[in-house]
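# Commentary on secondary and tertiary structure
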Amino acid sequence: MKKNLGKIIAGVAIVLGLIAVLMIFAKAIVPNSDYAKLLGDKAKDANIAGSAIAFGKKEEVLGKTVSTYMASAYILAFLLPLIGVALAVVALLGKGGKIVPIVAAVCFLVGGIIYFLPLQTITPNKDALIGVELADWREGLQKNFILGAGAIVGGLFSILAACASCATLFVKKAK
């Protein structure tokens, strides 16, 4: 059992990392409870997926067409855990020495932290800012929206994958 413990932990890191990568397609920003009550049935239309923030998208939000620019910082929330998964696979195969799990853990950790920043990284297109200053737009976003399940689960699973990746360093290899 001890012989396989390092591989099991590395496998757990890979699975957690893959789940974190997939959370980019879940809702990252949702209306808070007060704003959702105000919107009523239209509240579900105000949800924004992480992929829409990361890659930019034109979508209908509350009857208005709003487009967002690609947020390169939020793309890292998707790419860094993906790189961490690839490095964890390399570590699982026994290649790369002790540095590979450390680099994988750093990728998972930084990606997990970035998952919690969709409200700070979303950038509206000029169409969304007609008659509104960017600072006012961001203030309204911060006031009326909260993190969605995709951002929370993606961030937590990525950070847990970082912990699992580091844990493989402390498991003694059986000879």
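Here we come to the side chain of Ser158. Its location among the elements puts Ser158 in helix H8 (residues 149-170). By relative accessible area, Ser158 is classed as buried at 0%. Apart from residues no more than four positions distant in its own chain, Ser158 is found in contact with Ala20, Pro81, Phe108, Leu109, Gly111 and Gly112.

With that settled, the discussion passes to the side chain of Ser165. On the secondary structure map, Ser165 appears in helix H8. Leaving out residues up to four positions away in the same chain, Ser165 has contacts with Ala13, Pro101, Ala104, Ala105 and Phe108.

Below, the discussion takes up the packing of helix H5 (residues 99-115) against H8. Where H5 contacts H8, the axes come no closer than 8 Å and their chain directions differ by 165°. In terms of orientation, H5 lies roughly antiparallel with respect to H8. For the pair H5 and H8, the crossing hand works out as left-handed. Side by side, H5 and H8 meet where Pro101, Ile102, Ala104, Ala105, Phe108, Leu109, Gly111, Gly112 and Tyr115 of the first sit next to Gly150, Ala151, Gly154, Gly155, Ser158, Ile159, Ala161, Ala162, Ser165, Cys166, Thr168 and Leu169 of the second.

The next subject is the state of the cysteines. Under the criterion given, the structure shown has zero disulfides. Cys163 carries a free sulfur, and the closest cysteine sulfur to it, the one in Cys166, is 7.0 Å from it.

Turning next to helix H4 (residues 72-92). Every α-helical turn comprises 3.6 residues, leaving residues that sit three or four positions apart pointing alike. Helix length check: H4, at 21 residues, gives a terminal C-alpha distance of 30 Å against a target of 30 Å (1.5 Å per residue), a fit within 8%. Where H4 bends most, at Phe78, the angle is about 30°, and the proline Pro81 comes one to four residues later. If you check which residues of H4 are buried, you get Tyr74, Ile75, Ala77, Phe78, Leu80, Pro81, Gly84, Val85 and Ala88.

Taken together, Ile99, Ile102, Val103, Val106 and Val110 make up a surface patch of nonpolar side chains, about 380 Å² in accessible area. You can see Ile102 is positioned in helix H5. With relative accessibility at 39%, the residue Ile102 sits in the partly exposed group.

So, on to the environment of Gly112. One can find Gly112 in helix H5. Here the alpha-carbon distance between Gly112 and Pro81, two residues 31 residues apart in the chain, equals 7.7 Å.

Now for the nonpolar core. Grouped together as the largest cluster of nonpolar side chains are 27 residues, with contacts concentrated most on Ile29, Ile53, Tyr74, Ile122 and Phe145. For this core, the secondary structure elements donating two or more residues are strand S1 (27-31), helix H2 (33-39), helix H3 (50-55), H4, H5 and helix H7 (134-144). Ranked by residue count, the leading element in this core is H4, at five residues. When neighbours within four sequence positions are excluded, Phe145 is seen to be in contact with Ile29, Val30, Pro31, Asn32, Tyr35, Ala46 and Leu119.

About the cut-offs
- Residues numbered from 1 in each chain as written.
- Predicted model: local features only at pLDDT ≥ 70, side-chain atom pairs only at ≥ 80, totals over all residues.
- Heavy atoms only, no water.
- Helix = DSSP H or I, 4+ residues; strand = E, 2+ residues; numbered from the N terminus.
- Buried < 20%, exposed > 50% of the residue type's maximum accessible area, 1.4 Å probe, protein only.
- Contact = heavy atoms within 4.5 Å.
- Axes fitted to C-alpha atoms, helices over the stretch in contact; angles between N-to-C directions.
- Parallel < 35°, antiparallel > 145°, perpendicular 65-115°, else oblique.
- Left-handed = near helix turned anticlockwise from the far one by under 90°.
- Disulfide = S-S within 2.5 Å.
- Expected span 1.5 Å × (residues − 1).
- Bend = angle between axes of the 7 residues up to and from the residue.
- Patch = residues over 30% accessible without salt bridge, like charges linked within 9 Å, V, L, I, M, F, W, Y side chains within 5 Å.
- Areas by Shrake-Rupley, 256 points an atom, 1.4 Å probe, with all protein chains shown as cover.
- Salt bridge = Lys/Arg side-chain N within 4 Å of Asp/Glu carboxyl O.
- Core = buried A, V, L, I, M, F, W, Y, C linked by side-chain atoms within 4.5 Å.

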